[in-house]
Every structure is written in structure tokens, then in C-alpha cells.
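# Notes for the structure review
Chain residues, written in single-letter form:
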Amino acid sequence: LFSKKLATIIRDVPIEFDIQNADWRTNMKKEELGKMLQDLGIYSLLKRISELDGEPAMTQASLMEGTDERVKVVPVGSLKQVKDLVRDIVSQKYFAFDITFDPDLKGPGHLAFALDDKTARALPWSLFESDKGVPEEIKAVFENVKIKKAGHDLKDLFKNLSRKGVHPALAGKGGVHAGGLDFDTKIAAYLVNSDLKDYDLDRVYFAEFGRNIDPNPLKRAAYVNELRKPQREKMRSLDLLWVFEKIEVPLAPVLAEMEISGVKIDKKAIKKLSDSIYKEISKFEKKIYKHAGMEFNINSPQQLSTVLFEKLQLKGKVKKTGKGAISTAASELEKLADEHPVIDLILRYRELQKLSTTYIEPFPALVQKDGRLRTTLNQTGTTTGRLSSQNPNLQNIPIRTELGQEFRKAFVADKGHSLVSFDYSQLELRIAAHISGDKKMSEAFKRGEDIHTRTAAEIFGVPAEKVTPNMRREAKVFNFGLLYGMGILGLQRAAKITREQAREFTDRYMAEFSGVARYMQAMRDAVHNDRYVKTIFGRRRQFREIDSQVMEVVRQAERMAINMPIQGTAADLLKLAMIKISGLIHEEGKENEVRMLLQVHDELLFEVKDGLVKEWGAKVKEIMENIWKLNVP
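Predicted, not measured: the structure shown is a model, and the values here were computed from it.

## Here's the deal with the confidence of the model for the protein
For the protein, the mean per-residue pLDDT works out to 87, and 92% of the residues sit at or above 70. pLDDT under 50 marks residues 55–63. Its contacts with residues more than four places away, or in other chains, come to 14 contacts. Contacts for the low-pLDDT stretch residues 171–177, under 50 throughout, to residues beyond four places or in other chains number 16 contacts.

## Focus: the packing of helix α11 (residues 241–261) against helix α25 (residues 551–587)
Interhelical geometry of α11 versus α25 gives an angle of 60° and a closest axis separation of 9 Å. Between α11 and α25, the crossing angle belongs to the class labelled oblique. In this structure, the crossing between α11 and α25 has a hand that is left-handed. In contact with W242, K246, I247, E248, P250, L251, V254, L255, E257 and M258 of α11, α25 contributes D572, K575, L576, M578, I579, S582 and H586.

## Quick notes on helix α21 (residues 469–483)
Its 15 residues place the ends of α21 22 Å apart at the C-alpha level, agreeing with the 21 Å of an ideal helix rising 1.5 Å per residue. All of the buried residues along α21 are M471, E474, A475, V477, F478, N479, G481, L482 and L483.

## Considering the nonpolar core
In terms of nonpolar packing, the biggest core is built from 126 residues, with F97, L111, F113 and I581 touching the most fellow members. A per-element tally of this core places α25 first, with 16 residues. If we skip the residues at most four places from it in the chain, F113 touches L85, I89, F95, A96, F97, T119, A120, R121, L123, I138, F142 and A221. Counting residues in hydrophobic clusters, the runner-up holds 43 residues, among them I270, I288, L304 and L394.

## Considering the packing of aromatic side chains
Summed over the entire model, instances satisfying the criterion amount to 23 aromatic pairs. Between Y509 and F513, the ring centres sit 4.9 Å apart and the planes meet at 40°, which makes this aromatic pair tilted. On the basis of relative accessible area, F513 is assigned to the buried category, the value being 0%. Taking the ring centre of Y94 as reference, the NZ or CZ of R228 above it sits at 3.8 Å. Taking the ring centre of F284 as reference, the NZ or CZ of K287 above it sits at 5.7 Å.

## A few points about the sheet that holds strand β5 (residues 148–151)
Ordered by their spatial adjacency, six strands build an open sheet running β1-β4-β3-β2-β5-β6, and the pairing between neighbours is mixed. Both outer strands of the open sheet, β1 (72–75) and β6 (181–184), are each paired with one neighbouring strand and no more. For this sheet, the mean inter-axis angle between neighbouring strands, taken without regard to orientation, is 30°. When strand β3 (residues 108–114) meets strand β4 (residues 119–124), the two strands line up antiparallel, connected through four bridges. Bridge pairing in β4 links H110 to P124. Along the sheet face, helix α5 (residues 79–92) touches β1, β2 (94–101), β3 and β4 and points at about 130° away from the line of β4.

## Looking at the side chain of T535
Topologically, T535 is positioned in the loop between β13 (532–534) and β14 (540–542). Judged by relative accessible area, which is 4%, T535 ranks as buried.

## Details of the pairing of strand β16 (residues 603–609)
Burial within β16 is extensive, with six of its seven residues counted as buried. Of the pairings in the sheet, the one linking strand β12 (residues 417–423) to β16 comprises seven bridges and is antiparallel in character. When the sheet's bridge partners are listed, S418 is paired in β16 with V608. With six bridges connecting them, strand β15 (residues 594–600) and β16 associate as antiparallel partners. By the bridge assignment for β16, R595 is matched with E607.

## Comments concerning unusual backbone geometry
That bond from N391 to P392 is cis: its omega, -5°, falls within 30 degrees of zero. Among the structural elements, P392 can be located in the loop between β10 (388–390) and α17 (402–408). Phi at D153 takes a positive value of approximately 75°, unusual for a residue other than glycine. Its place among the elements puts D153 in the loop between β5 and α7 (154–162). Looking at D153, the relative accessible area reads 18%, which means it is buried.

## Looking at the side chain of S436
For S436, the position within the fold is in helix α18 (residues 427–436). We classify S436 as buried; its relative accessible area is 15%. A distance of 2.7 Å separates a polar atom in the side chain of S436 from the backbone oxygen of A432. The residues touching S436, leaving out its near neighbours within four places in the chain, are G515, V516 and Y519.

Here is what the cut-offs are and how they apply
- Residues numbered from 1 in each chain as written.
- Predicted model: local features only at pLDDT ≥ 70, side-chain atom pairs only at ≥ 80, totals over all residues.
- Heavy atoms only, no water.
- pLDDT = per-residue confidence, 0-100.
- Contact = heavy atoms within 4.5 Å.
- Axes fitted to C-alpha atoms, helices over the stretch in contact; angles between N-to-C directions.
- Helix = DSSP H or I, 4+ residues; strand = E, 2+ residues; numbered from the N terminus.
- Parallel < 35°, antiparallel > 145°, perpendicular 65-115°, else oblique.
- Left-handed = near helix turned anticlockwise from the far one by under 90°.
- Expected span 1.5 Å × (residues − 1).
- Buried < 20%, exposed > 50% of the residue type's maximum accessible area, 1.4 Å probe, protein only.
- Core = buried A, V, L, I, M, F, W, Y, C linked by side-chain atoms within 4.5 Å.
- Phe/Tyr/Trp six-rings, centres within 6.5 Å; stacked < 30°, edge-to-face > 60°.
- Lys NZ or Arg CZ within 6 Å of the ring centre and 35° of its normal.
- Pairing = 2+ DSSP bridges.
- Polar contact = N/O pair within 3.5 Å; in protein donor to acceptor, adjacent residues only side chain to side chain.

This is how it looks when you write it as C-alpha cells:
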């Protein structure tokens, strides 16, 4: 009865109410609401305030207007106006630019230029399709390395220009100053704060100046121009300019070219794999049903939980979800692996199901008419500096299973070409040895020893030749686990040992590799003192959560602080190598014979003309191995 009373709405509260005054459309105080949404950072709603009055979306006719009177738009429609624009650009040796899209998003609408904060000059994209010779005038300024250029998301801008035969990425030798690239406001915002999920220009601009940009897209180039100075100052004060100028900005056109190239897919191999995976999944389903003694929906956490914890009465210590149900997440099920054979079957079934639904089923639809698949390489998608891949994600393809390996075979080369892969060996452990200065780890790498065997020899106290495969496996777990911040429990599960053994091995590891132990403690101290850690090149990640009152949140921040300088440095080294390799490809004019296709963590994938594989294999290897001098090879 008390619960019923709590749930009953009281209807006789003495309040004055007028239905007319409750009409939010007529009584809303837009300015107050706008200010509140700005203060709260709710940008998606902020953009929609103008829609409340039924105001139409921006049309071609209203493109030259707007709400920000500080910036005006000047149309560039004649050849004379184009020549005037080009003359001003050449005189100033700098411009910011942006590409707007038609409201129907079928293609670009305008190419806008800004030489200052007050004026945007808008060139209709249709001029590129005319016979007036405009492209050559514009092409010249884009490909002139002495003219500096700024934009918001240069990678995407350059992709759109490349489709029209304007190739800023191809200009300039050595790749580092390709096309005279100077500034990317999106990347600058990302380097200053890598925790944001959204780096749209309107959000970045509001965060910097506390005011909104005009909804007129033709003015964006002027806002890019305005952002340049304060963003550069911020990066200078945070010591981020080297990473910005030597890594991230020159990388943009390299990624643009990789996205344009795409990778060829063998559709027949995908179909064959799809059929075999379907058969494998069916086999696992039958085995799981047999162990469970009934048929049920294996993909339903609720039904799976009922089968495991009620019908089969499994008793392992498994966490509960936020809603109070027993978790069936893979990390939790792994704890039960020794209790019942059905657990291993479920985990393997899930891996196949993921491979099928995430990759194999959607792939044929993603392959374009030329038989190539094009992913998007996201430059601002991670907090560590690693690239991420989306639509589809090509960095998460499981490769440990036989079917995962089979799936990789569906990636093929054009006729007369080969796929050539370069994968750094234990890159993060080498970086750990360099940063920590650990003598034993460094010496092992210098001698060319297998680092996991050496680690096993040290923590088990046996000669290297007496290390068993099991010892090496456990040492490998510790080498990576500790640097990824694994606790005793995580190491126990990953190495499949007891908690006492995990604790004992950890103590021995820290004693034998004292440099690594000191590094780990130094990073914990740094994150508590400075609220950030950084790579050897100066890329930083902030950890505001280190001040949390929740101990687990603090511990997690400490673990990530130990890992970030290592993983971030690895990402930076890969990017430097990509820039240098791309520069060499263009210097030697091999764009059609040597193509960089993909980057997957520590691996680069190329498509190389058959007659050039040996020569370019040696060149790429040479660049990758010598891109930066560490204390270990």
C-alpha cells in the first residue's frame, strides 16, 4: 500500500496554471535558452533553436546571407574575379579554405577562401565542371608549396579536391611539407584535448571564443582563419607544435591518398568464407544445445544467463550488470571456463558470430564498383594518438583464429601487383625498454634475443635454453599485461595461474626489471602531480579523472597513464614512417606502382607492382627501422 501511495499522482496541488502560458513555442525565451545550452555544451540542440520558428533550412538563394555581420561573403563567379582571388592569394602566400556541400548532399556546392577573419570568397563548384579554365588557376595555388593553407579536417578537404584533379598531397618533396600545408583547426583542437568525441568546427569555435558561428557554411573558412592564432598559441604553451607540424598535419594528405586507394576484395572468397562460417556456427549451436540440454537463443544475454546460472547451476564469481542481472560478458564468462565445457564453446561461437555479422555479411555491400573497399581512417578517434578505422573497422579483424586468417585472404592485390605487409616486431616493448631505461630488457633487445624467453628466464630463474613454452607464454602475459596496467586478478586470468603465483611473479618481475618498475611508478606520480602524461615526442593525454573520489576510477587512470606514453609513442613512430615513405613514393614518381593501403596498429600494408617488390621492400624496411633512434634497435 505504501508503494501504491508513492506511485499515485497527486492531482490537487494548489498551483496556478494557464494553458496559453504553457505554449512553449510562443513563450520561449530563445536568448536565455541559447545561453543555457551554450553553458551546458549541448551543441546539438543549440543548432536546432532556429528550427523552432519553422525557419527553412539554408538554401542556395540565402547562402550569401547569415547572422554574423562581422563576416561577409563575396561571390566569385567570373574569370576576372578568380584571377583577382588568385593574385591576392599569391601576394599573401596564405589562405584558409573550406568546401561546402549542396543541401541535398549530392556533391560539393562551393569552394570558399578566406585571407582574413572578415571576408569569405565563394567559388561555385560548378565552375570546376565548365570549360573556362578555372581549375588550372586554382590548382596552381593549391599545388604551390610556398603558399600555406589552412582548413578544418584537411584529410577530408584534400580527398574532395583530389576527385577534381587537384592534388595538393603530391606537391613538395619528402612529404613533410606536402602542398604547403600549414594548419588544421580540427587536429589542433584534438591535440590540445584528445578526450572530446566531437571536433566539429562549430563546437571547436564556441569552445575557443564563447560564441556561435554563423549557420551560413560559406563563412567557415573565415572562422578557420580566426581560430588559427589562439590554437597555435595554446599548442606552443603545451609544447605540442612539433607533433602538430611534423606528424599530424603532414599525415593528413597521406591518409587521404590511402582512403582514395582503398583495398581490393575478392568477393568470391568472402562468399566461400560466409558459407563455411555458417556451417561452423551451426556446429557450435548444436554442441551448446547438447551441453545445455535444451535449445535457446545463444545471443540473448537473458536466456544465456538462465541456462548457465539456473539450469546448469554454475557458481563462479561473476559481476552483475547495472540492472542487477548476472553478466554474460566475455570477460566474465572466461572466469567460468574451468567449470563447464559449454563456456569455451559459447566464447568460440561468439567470435564466429562477430566475424560473420561485423565483417563477412556487410562486406559485399561495402565493396565499390571498382571492386575496392574504402575505410575511413580517423585521425582524431583515440586518446593515445593511434589511428582508428571505421565504415568498416579494419583494425579489429580477429586474426588469431583459423577463420580470421582465412578472412584476411579475401584482401587481394590488382593483377601484376602483390600485397606486401611490414609489421614491427614487439614495438611497444622496445619503446618500454627505451623510455624506462631498463638494462636487462634493453640488453636483450640489443643481443637480438626473444624478449619473452629472456623475461621467462629472469622471473623463473632458469637459463634461457631451459625455458619451456608454458613459461614463455606466462612471461609474455606479464610483459604486455603490466604495461597495459593489468592488476593481479587480470594477470592471474590471462596467464591461467593462481592468484598467489600471479602476485609472486609480479614481485619477481618488478625486482628483475627494476627500470620498468621505476617507470611505472614515475607515471603514477606524474599523473597525480600534472594530470597528464606524454609521449617522447610531446603528445599528451590529460587525466582529469585522477582526482575522482572513486578509487577504481583513480586506479584505471593510473593504468592508462602507464600505457599511454608507450602506445602513443608507437603510434607516432608509425605516422612518421608513413609520412617519409609517402614522400619517397612521390619523389620517385611511383604513385601508381607502390600504394600504401592500410595501417593496422604496428603494421603497414602496401600494394606493390610485382617487379618492384624486392626493391621497395628493402626501401620501406630501411625507413621503418631507422625512422627514429631509440636506445634499442
